[in-house]
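# Architecture and fold: a report
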Amino acid sequence: TGQDGSYLAELLISKGYIVHGIVKRSSSFNTARIEHLYADRRTHTESRMKLHYGDLTDSTNLVKLIYEIQPNEVYNLGAQSHVKISFDLAEYTAEVDAVGTLRLLDAIRTCNMEKKIKFYQASTSEMYGKVQQIPQTEQTPFYPRSPYGCAKLYAYWITVNYREAYDMFAVNGILFNHESPRRGENFVTRKITRGVAKIHLGQQEFITLGNLDSKRDWGHARDYVEAMWLMLQQENAEDYVVATNEVHSVREFCEIAFREVGKEIEWQGSGEQEVGMEKGSGIVRIKIDAKFYRPTEVDYLQGSAEKAFKNLGWKPKVSFMDLVKEMLESDIELMRKNPNA
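The sections below set out a description of the structure shown in this document. (Residues numbered from 1 in each chain as written. Predicted model: local features only at pLDDT ≥ 70, side-chain atom pairs only at ≥ 80, totals over all residues. Heavy atoms only, no water.)

Further remarks concern the packing of aromatic side chains. Evaluated as defined, the whole model comprises 11 aromatic pairs. Here Trp218 and Phe320 contribute two aromatic rings whose centre-to-centre distance is 5.9 Å and whose plane-to-plane angle is 15°, an arrangement assigned as stacked. A residue pair is termed long-range when its members are at least 10 positions apart, and Trp218 in the loop between strand E8 (215-216) and strand E9 (219-220) and Phe320 in helix H10 (residues 320-337) qualify at 102 residues. In terms of burial, Trp218 and Phe320 fall into one category: buried. By the ring-pair criterion, three or more aromatic residues cluster together here, those being Tyr128, Phe142, Tyr156, Trp157 and Phe176. Sitting over the face of the ring of Tyr166, Arg109 holds its NZ or CZ atom 3.6 Å from the ring centroid. Its guanidinium or amino end placed over the ring of Tyr7, Arg182 lies 4.0 Å from that ring's centre, counting from NZ or CZ. (Phe/Tyr/Trp six-rings, centres within 6.5 Å; stacked < 30°, edge-to-face > 60°. Helix = DSSP H or I, 4+ residues; strand = E, 2+ residues; numbered from the N terminus. Buried < 20%, exposed > 50% of the residue type's maximum accessible area, 1.4 Å probe, protein only. Lys NZ or Arg CZ within 6 Å of the ring centre and 35° of its normal.)

This is how it looks when you write it as structure tokens:
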């Protein structure tokens, strides 16, 4: 039901797969990102996408699902994936992101399917944290700076360990930041495009952010799920960095988004007192609040995807500028229909 899962389901169905998805039980439907994949949206009638209730904290459930479905490929995209929130939910993040991966790998072995199933683990650039090398490659040492990064590091190494211990086809995709109109609303990129859309439509005056100078390697999730699939089509199981090899700051993301709606941002002040003002009118459009800072910050992430370029024949198709534009246009349309979204 997440951003990556929805794009991956689309890709796999387009290639003729029958896709089985695990969803967490909720008191309300949480399938908005995949509802277009139902045979009948109004009745949630399934077709080539079949959904099952499950959870990475429930080993018995995972064994049951693997045994019943008998999959050829397993993509583990399940996680508590918000870095800032992982500081508040540190134990839960470890339980799902770290031990959850172990449970899934063990479920495959319990069903005696370790030689049949190809396994993809969603690893993350946050494992590099306080970066030891620029740009980061498959050989760069890890230095995670959050409970999320630490949990994902365990998942990375347990995947490597099961590959080497049991000769499983198990790979890590070390994906750098990937965004889209389907990105969760509390991630900074989506927070910016939603806020700019509301400002453009006169529904809001300003947005409040944290560290403007964090620099990230941002790509489109639709491009990145293709790399996931390609990793499982190779003869040998290997880990890959997936990135654009470009870096942009949160500040730059803001400037481009506002420029798309005809507003230029000028910066005044510094630190928590810095503001982004609309050129001409002098209206403050961006404010800083320290509550959005992380206890330990990751300042700079830039991936080198040369191995993926060479071995997988993969290249990102969507540029950074086009990514921002697509997200903003989508949020403008959304806010026109529902200002409370």
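The next subject is the nonpolar core. Ranked by internal contacts, the top residues of the largest apolar core, which has 46 residues, are Tyr75, Tyr120, Met231 and Trp314. When residues in this core are grouped by element, the largest group, 8 residues, is from helix H7 (residues 221-231). Filtering out sequence-adjacent residues up to four positions away, Tyr75 remains in contact with Leu8, Leu12, Tyr120, Met228, Trp229, Leu232 and Gln233. Ile265, Ile288, Met327 and Leu328 belong to the second-largest nonpolar core, a separate cluster that totals 26 residues. (Core = buried A, V, L, I, M, F, W, Y, C linked by side-chain atoms within 4.5 Å. Contact = heavy atoms within 4.5 Å.)

Another point: the side chain of Thr124. Relative to the elements of secondary structure, Thr124 occurs in strand E4 (residues 118-124). With a relative accessible area of 7%, Thr124 lands in the buried category. Within the structure, the side chain of Thr124 is placed 3.0 Å from the backbone nitrogen of Glu126, a separation counted as a polar contact. With sequence-adjacent residues up to four places away left out, Thr124 is seen in contact with Tyr148, Lys152, Gly173, Ile174 and Leu175. (Polar contact = N/O pair within 3.5 Å; in protein donor to acceptor, adjacent residues only side chain to side chain.)

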